Amino acid sequence: MIEFRSVSKRFPDGTLAVDDFSIVIPSRQTTVFVGSSGSGKTTLLRMINRMVDPTAGQVVIDGDDVAKENPVQLRRRIGYVMQNGGLLPHRRIVDNVATVPVLRGVPRGEAREHALELLDTVGLDRSLATKYPRQLSGGQQQRVGVARALAADPNILLMDEPFGAVDPIVRLELQRELKRLQKDLDKTVVFVTHDIDEAFALADQVVIFRTGGIVAQVGTPSEVLGNPADEFVASFIGADRGQRQLHLEPRNPETGQVMVVDASGRPAGLLSDDESRASTGAASPS
Ligand SMILES: Nc1ncnc2c1ncn2[C@@H]1O[C@H](COP(=O)(O)OP(=O)(O)OP(=O)(O)O)[C@@H](O)[C@H]1O
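Just so you know, these numbers come straight off a predicted model, no measurement behind them.

(A) Region of the structure containing the sheet that holds strand β8 (residues 188-193). Reading across the sheet, the six strands line up as β6-β7-β8-β3-β9-β10 and stay open at both edges, with mixed pairing between neighbours. Since the sheet does not close on itself, it has two edges, and those belong to β6 (78-81) and β10 (214-219), each with one partner. Each strand of the sheet is rotated relative to its neighbour by a mean of 15 degrees, with strand direction disregarded. Where strand β3 (residues 30-35) lies against strand β9 (residues 205-210), five bridges are found, and the strand directions are parallel. Looking across to β9, one finds that glycine 35 is bridged to phenylalanine 209. Helix α1 (residues 41-48) rests against β3, β6, β7 (156-160), β8 and β9 of the sheet, and its axis sits at about 155 degrees to β8.

Here you go:
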């Protein structure tokens, strides 16, 4: 569990990025920080691995104040994935993934073997291992970034807009992959995004920020969607403009199949056969 206890951050130029922020981030779940630009999300994320130190308050991991930890050692046991992948351009993919284990003293051959297994884990072909980052697509580079963050087998994975720079289709694929990984690996994931749809897709717990690191609402996606705390949240999630309203349309009158349609008339999905029958009052086939 990660706890932020009354944390504030004022940068040397006087900017108050975070003001008295407190929250508990449960272990083995995905918590997503979402909010407009400049609301302090990245600053908070970086406090967890001491890339930023708070000016007041504490960040506590499993009961230990991170301020007492050596920042370099802390960073080597917390995975960090950033928007551009952050790969070292002059190193082959396999060595990018093996960087931290080698720094921690794992023999190079062993670290490379494990790196190949991690390429499998994130859905990349092992033939990419000998290539350089520039030879990979944006989506592939992001997967390498995730593999590299997993290489030290961290309990905590910090992800700062990791899928922000890839096209929407690849982005959906990466989101799906992250959900699969999370089910298998059981990490505590803290994920930063601007995108409320991405937040709803990934989060067990979503934290919606206003400017100044001020929390507008914390809850599960269904709590936030079902009961926005105020007008700011309603507007941020699009509930005020009817964007989240779905309705049902019969698709095929003969089979009774029902389609779910969003406010702009776009199909959002299909109801299962059982639910379609329930919604139209049709009897089950015997
Ligand atoms: N090193 C710094 N020095 C001064 N001000 C900073 C520094 N880093 C961030 N800030 C300011 O702190 C505030 C919060 O920044 P932060 O990057 O945490 O926001 P964010 O919510 O992650 O934004 P974005 O979504 O655009 O990345 C902003 O006003 C930003 O300009």
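(B) Inspection of the sheet that holds strand β4 (residues 56-61) at higher detail. Within the open sheet, the four strands sit side by side as β2-β1-β4-β5. Their pairing is antiparallel. Lying at the two open borders of the sheet, with one neighbouring strand each, are β2 (16-25) and β5 (64-65). Pairing of β4 with β5 involves two bridges; the strand directions are antiparallel. In the strand pairing of β5, valine 60 is matched with aspartate 65. The strands touched by α1 within the sheet are β1 (2-10), β2 and β4, with β1 carrying the most contacts at an inclination of about 125 degrees.

(C) Geometry of the pattern of salt bridges. Applying the stated criterion across every chain, the model contains 14 salt bridges. With a shortest N-O distance of 2.7 Å, aspartate 120 and arginine 126 are connected by a salt bridge. Owing to a relative accessible area of 40%, aspartate 120 belongs among the partly exposed residues under this scheme. The salt bridge partner of aspartate 184 is arginine 180, with a shortest N-O separation of 3.5 Å. With aspartate 184 and arginine 180 both in helix α6 (residues 168-185), this residue pair falls four residues apart, about one helical turn. Beyond isolated ion pairs, a larger network of salt bridges with shared partners links Arg143, Glu173, Glu177, Arg180 and Asp184.

(D) Expanded view of the site of the ligand. In the neighbourhood of the ligand, 13 residues make up the surrounding shell, with Ser37, Gly38, Lys41, Thr42 and Thr43 lying closest. One of the side-chain N or O atoms of serine 37 is found 2.6 Å from an oxygen atom in the ligand. Note that an oxygen atom of the ligand is positioned 3.1 Å from one of the side-chain N or O atoms of histidine 194. Considered on its own, the ligand offers 630 Å² of accessible surface; in the complex 63% of this is hidden by protein. Ranked by residue count, the leading element in the shell around the ligand is α1, at three residues. For the shell around the ligand, the residue count by class is two nonpolar, nine polar and two charged.

(E) Molecular detail of helix α4 (residues 108-121). With 14 residues, α4 extends 20 Å from end C-alpha to end C-alpha; this agrees with the ideal 20 Å at 1.5 Å per step. Burial in α4 covers these residues: Ala111, Ala115, Leu116, Leu118 and Leu119. Taken around the axis of α4, the buried residues stretch over an arc of 160 degrees, which confines them to a single face. Structural note: α4 exposes Gly109 and Glu110 on the side pointing more than 90 degrees away from its buried face. Looking at the buried side of α4, the elements it contacts are α3 (93-103) and α5 (138-150).

(F) Examining the side chain of glutamine 182 more closely. Within the secondary structure, glutamine 182 sits in helix α6. A residue is classified by how much of its surface remains accessible, and glutamine 182, at 14% relative accessible area, is buried. Setting aside its immediate chain neighbours within four residues, glutamine 182 contacts Arg28, Gln29, Thr30, Lys187 and Val189.

Reading the values: the criteria
- Residues numbered from 1 in each chain as written.
- Predicted model: local features only at pLDDT ≥ 70, side-chain atom pairs only at ≥ 80, totals over all residues.
- Heavy atoms only, no water.
- Pairing = 2+ DSSP bridges.
- Helix = DSSP H or I, 4+ residues; strand = E, 2+ residues; numbered from the N terminus.
- Axes fitted to C-alpha atoms, helices over the stretch in contact; angles between N-to-C directions.
- Contact = heavy atoms within 4.5 Å.
- Salt bridge = Lys/Arg side-chain N within 4 Å of Asp/Glu carboxyl O.
- Buried < 20%, exposed > 50% of the residue type's maximum accessible area, 1.4 Å probe, protein only.
- Near = heavy atom within 4 Å.
- Polar contact = N/O pair within 3.5 Å; in protein donor to acceptor, adjacent residues only side chain to side chain.
- Areas by Shrake-Rupley, 256 points an atom, 1.4 Å probe, with all protein chains shown as cover.
- Nonpolar A, V, L, I, M, F, W, Y, C, P; charged D, E, K, R; others polar.
- Expected span 1.5 Å × (residues − 1).
- Arc of directions from axis to C-beta.

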